Amino acid sequence: MIIILALIGLLVGGVVNRLADQLPQRRSLLKAGACASCGRPYDWGGFFAVAAFPLRRGRCPACAAPLPLRPILVEIALILLFPFLWQQNGWTLLFVAESLYASIFVLISAVDFEHRRILNVVIYPSTALALLASLLRIGHDTRLAGVVGGFVGFVFFFFVFLLGELLMRMLRRSSGGPALGAGDVKLAAFIGLVAGWPGVIPALILGILLGGLGALVVLVVQVTRRTYKPLTSALPYGPFLAAGGLAMVLWGEKIVRWWLRT
Ligand SMILES: [Zn+2]
């Protein structure tokens, strides 16, 4: 059964890669993504990167440009996530919901890393799905837990967003853009719906801490390479927030228990 779930993870990974290739460019989902350097469309290898990557030694068969690493990372992540979630939940609606959430977090991270954007076409349906699930009490004990979590996530990040805009204006920095985008506010609301109350608090704290850690790593690399650029333009925040949300999907109960004790 683990093998079957890993295969489902691989298939969903292919779907996530297709969405990450095509949605930001507004291209047809029925067509495969294409090599960024020569434009040759990916064949099956675009869908099963774990097989294609080693077979083609990491290079495009037409122009020998290095293949991107993201498709293979996405597939490996979902090949691991699906069996893990199934072992926790069995064949339940909760398993369906959590594997969807995990896939969405992976998709949002991939697109935000590559394009610095959180797409409305992804985040709105995801939020509607999480809202429906929480009203059906899938993943939450009460009908209100998800809604309250989503509201807290939205309000909290909305104020962080406003504060960031205000600071930028005071510093009169027109370049660099805001530290936190409007997409991050929507993402925080989605994470809140998924994590519920009180899980939304440790989820967002975890995301903020991971983001800070990531920013520190980038800063150290930039300083050692002497290529300092404003951090705000160097790092998208979404993947770190999504990682916090994913941690709640994987270990939610443990994290909440630990959070309530401290
Ligand atoms: Zn190529």
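Residues numbered from 1 in each chain as written. Predicted model: local features only at pLDDT ≥ 70, side-chain atom pairs only at ≥ 80, totals over all residues.

## Quick word on the overall build of the protein chain
Here is the rule we go by: Strands here mean DSSP runs of E at least two residues long; helices mean DSSP runs of H or I at least four residues long; both are numbered from the N terminus. For the radius of gyration, the atom set is restricted to C-alpha positions; the globular benchmark scales as 2.2 Å times the number of residues to the power 0.38. Our exposure labels follow a C-beta count within 10 Å of each residue's own C-beta, placed from the backbone: buried means 20 or more other C-beta atoms, exposed means 12 or fewer, and partly exposed covers the counts in between. This entry defines residue contacts through backbone-placed C-beta atoms, with two residues in contact when those atoms are within 7 Å.
Scanning the protein chain from N- to C-terminus turns up 11 helices and 0 strands. Ordered by position from the N terminus, the helices and strands of the protein chain form the series α-α-α-α-α-α-α-α-α-α-α. Relative to the 2.2 N^0.38 estimate, which gives 18 Å for 262 residues, the radius of gyration of the protein chain is 19 Å and therefore close to what a compact globule would have. Structurally, the protein chain occupies a C-alpha span of about 55 × 55 × 35 Å along its principal axes. Looking at the protein chain residue by residue over its 262 residues, the buried ones come to 37%. Taking as baseline every contact in the protein chain between residues at least 6 positions apart, the subset at least 24 positions apart corresponds to 70%.

## Structural notes on the packing of helix α5 (residues 93–115) against helix α11 (residues 238–261)
How we decide: For helices, the fitted axis covers only the stretch in contact; all axes are lines through C-alpha atoms, and the angles between them, taken along N-to-C directions, range from 0 to 180 degrees. Note that the term roughly parallel is reserved for angles under 35 degrees, roughly antiparallel for angles over 145, roughly perpendicular for angles of 65 to 115, and oblique for everything else. Crossings are sorted by hand: turned counterclockwise from the far helix by less than a right angle, the near helix makes the crossing left-handed, and turned clockwise it makes it right-handed. Any residue that is not Ala, Val, Leu, Ile, Met, Phe, Trp, Tyr, Cys, Pro, Asp, Glu, Lys or Arg is counted as polar, Gly included; the first ten are nonpolar and the last four charged.
With their axes 9 Å apart at the nearest point, α5 and α11 run at an angle of 165° to one another. In terms of orientation, α5 lies roughly antiparallel with respect to α11. The element α5 and its partner α11 pack so that their crossing is left-handed. Facing Glu98, Tyr101, Ala102, Phe105, Ile108, Ser109, Asp112 and Phe113 of α5, the residues of α11 in contact are Gly238, Pro239, Ala242, Gly245, Leu246 and Val249. Here the contact of α5 with α11 is built from residues that sort into 9 nonpolar, 3 polar and 2 charged.

## Focus on the nonpolar core
Note the following rule: Structurally, a nonpolar core is described as a collection of buried Ala, Val, Leu, Ile, Met, Phe, Trp, Tyr and Cys residues joined by way of C-beta atoms within 7 Å. Bear in mind that the domain bounds are from an automatic or database domain assignment.
Counting 51 residues, the largest nonpolar core has Val106, Leu107, Ile108, Ala188, Ile191 and Val194 as the members making the most contacts within it. Of all elements in the fold, only α1 (2–22), α4 (70–89), α5, α6 (120–135), α7 (145–170), α8 (182–195), α9 (200–225) and α11 reach the threshold of two or more residues within this core. Of all the elements, α5 adds the most residues to this core, at 10 residues. Taken domain by domain, this core gets at least three of its residues from each of domain 1 (1–91) and domain 2 (92–262). Those residues in contact with isoleucine 191 that lie beyond four places of it in its chain are Gly153, Val200, Ala203, Leu204, Leu241, Gly244 and Gly245.

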